[in-house]
Structures are given as structure tokens and as C-alpha cells.
Amino acid sequence: MRLDKYLKVSRLIKRRSVAKEVADKGRITVQDKVAKSSTDVKVGDIITIQFGNKTVTVRVDAILDSTRKEDAKEMFTILEEKQVVKTEEF
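Sequence order as written defines the numbering, with residues in each chain counted from 1. Where totals are concerned, whole chains, interfaces and linings use all residues; where local detail is concerned, this predicted model gives features only for residues with pLDDT of at least 70, and gives and counts side-chain atom pairs only at 80 or more. To obtain the side-chain values, all non-hydrogen atoms of the structure were used and water was disregarded.

In the annotation of an unreviewed UniProt entry, the protein chain is listed under the name RQC P-site tRNA stabilizing factor and assigned to Granulicatella elegans ATCC 700633.

Pasting the structure below:
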């Protein structure tokens, strides 16, 4: 399944167009490689997403074509979630 579709179906990102935009800006990695929105996602892949001041790392546990809101969390396991603190240098 394409990365942008996986992120939308799993509800990690709410809209596919937003997922595509974030991926095309180089803010998503799959298996430690910068990923495009068309990157193929497989079970077991590790995805890291950089949101504004937060970085989330997840493992792909399942790939489903569509899900209900309650079932979306079964598609991935959060491995790490950290806040990025920006410090000003003088």
C-alpha cells in the first residue's frame, strides 16, 4: 500500500493530501530512508513522522484497505513519541 494511503487509513494523518504533502517535504522516513508519498509500505516497516515540534515512530502491524475509527489503532504500534525542543543559539 502507498505510504500516503496507509497514513490516512491508519489515521496517523487525517487527510491523504496532507500525508502526501508531508512526505514530499522529506519529513517522513520508512526504514530510515526518506520516503515519498508513493513509497510501498509493508508489515514490519518502521515509519518516523516529523510533525511540527513532535516526532512519532511507529511499526506497521497490519495493512487494511479501510477501517473504522476504533480499528485504526490495530494497524500500528507507537514505538517512540518525543517532543522536539528548539533552543535559540546566541
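> What is the right way to read the overall build of the protein chain from this model?
Secondary structure follows DSSP: runs of H or I at least 4 residues long count as helices, runs of E at least 2 residues long count as strands, and numbering of each begins at the N terminus. Helix and strand counts for the protein chain stand at two helices and five strands. Listed N to C, the secondary structure of the protein chain is α-α-β-β-β-β-β in terms of helices and strands. In terms of C-alpha radius of gyration, the protein chain reaches 13 Å, essentially the compact-globule figure of 12 Å for 90 residues. Expressed as lengths along the three principal axes of its C-alpha atoms, the size of the protein chain is roughly 50 × 25 × 20 Å. We call a residue buried when its accessible area falls under 20% of the maximum for its residue type, exposed when it is over 50%, and partly exposed in between, using a 1.4 Å probe and counting protein chains only. Out of the 90 residues in the protein chain, the part that is buried amounts to 34%. For this analysis, residues touch if any pair of their heavy atoms sits within 4.5 Å. Nonlocal contacts in the protein chain, meaning residues at least 24 apart in sequence, comprise 41% of its contacts between residues at least 6 apart. By element, 48% of the accessible surface of the protein chain is carried by carbon and sulfur atoms, the whole surface being about 6,200 Å². To get the radius of gyration, use the C-alpha atoms; to get the globule rule, take the number of residues to the power 0.38 and multiply by 2.2 Å. Computed with the Shrake-Rupley method and a 1.4 Å probe, the accessible areas treat only the protein chains shown as cover for residues.

> What is the right way to look at the layout of surface pockets in this model?
A water-sized probe rolled over the atoms picks out the places where empty space is left. Space inside the largest pocket adds up to approximately 190 Å³. In terms of lining, the largest pocket is formed by Ser-10, Arg-11, Leu-12, Lys-14, Lys-69, Ala-72, Lys-73 and Phe-76. Partitioning the lining of the largest pocket into residue classes produces three nonpolar, one polar and four charged. Think of a 1 Å grid over just the protein atoms. A cavity is a set of points where a 1.4 Å probe fits yet cannot get out, a pocket is an open set with protein on both sides within 12 Å along at least five of seven lines, and lining residues have an atom within 4 Å of a point. Grid points are joined across faces, edges and corners, and a volume is the space filled by probe spheres set on the points. Residues were grouped as follows: Ala, Val, Leu, Ile, Met, Phe, Trp, Tyr, Cys and Pro as nonpolar; Asp, Glu, Lys and Arg as charged; and all remaining residues, including Gly, as polar.

> Can you help me understand the sheet that holds strand E3 (residues 46–51) in this one?
By definition, the strands of a sheet pair up through backbone hydrogen bonds, in either a parallel or an antiparallel sense. Two strands are said to pair when DSSP picks up at least two bridges between them. In spatial order, the strands read E2-E1-E3-E4-E5; together these five strands make up an open sheet with antiparallel pairing. Each having just a single partner strand, strand E2 (33–34) and strand E5 (76–83) make up the two edges of the open sheet. Direction of pairing for strand E4 (residues 54–60) relative to E5: antiparallel, over a ladder of seven bridges. Bridged to Lys-54 within E5 is Gln-83.

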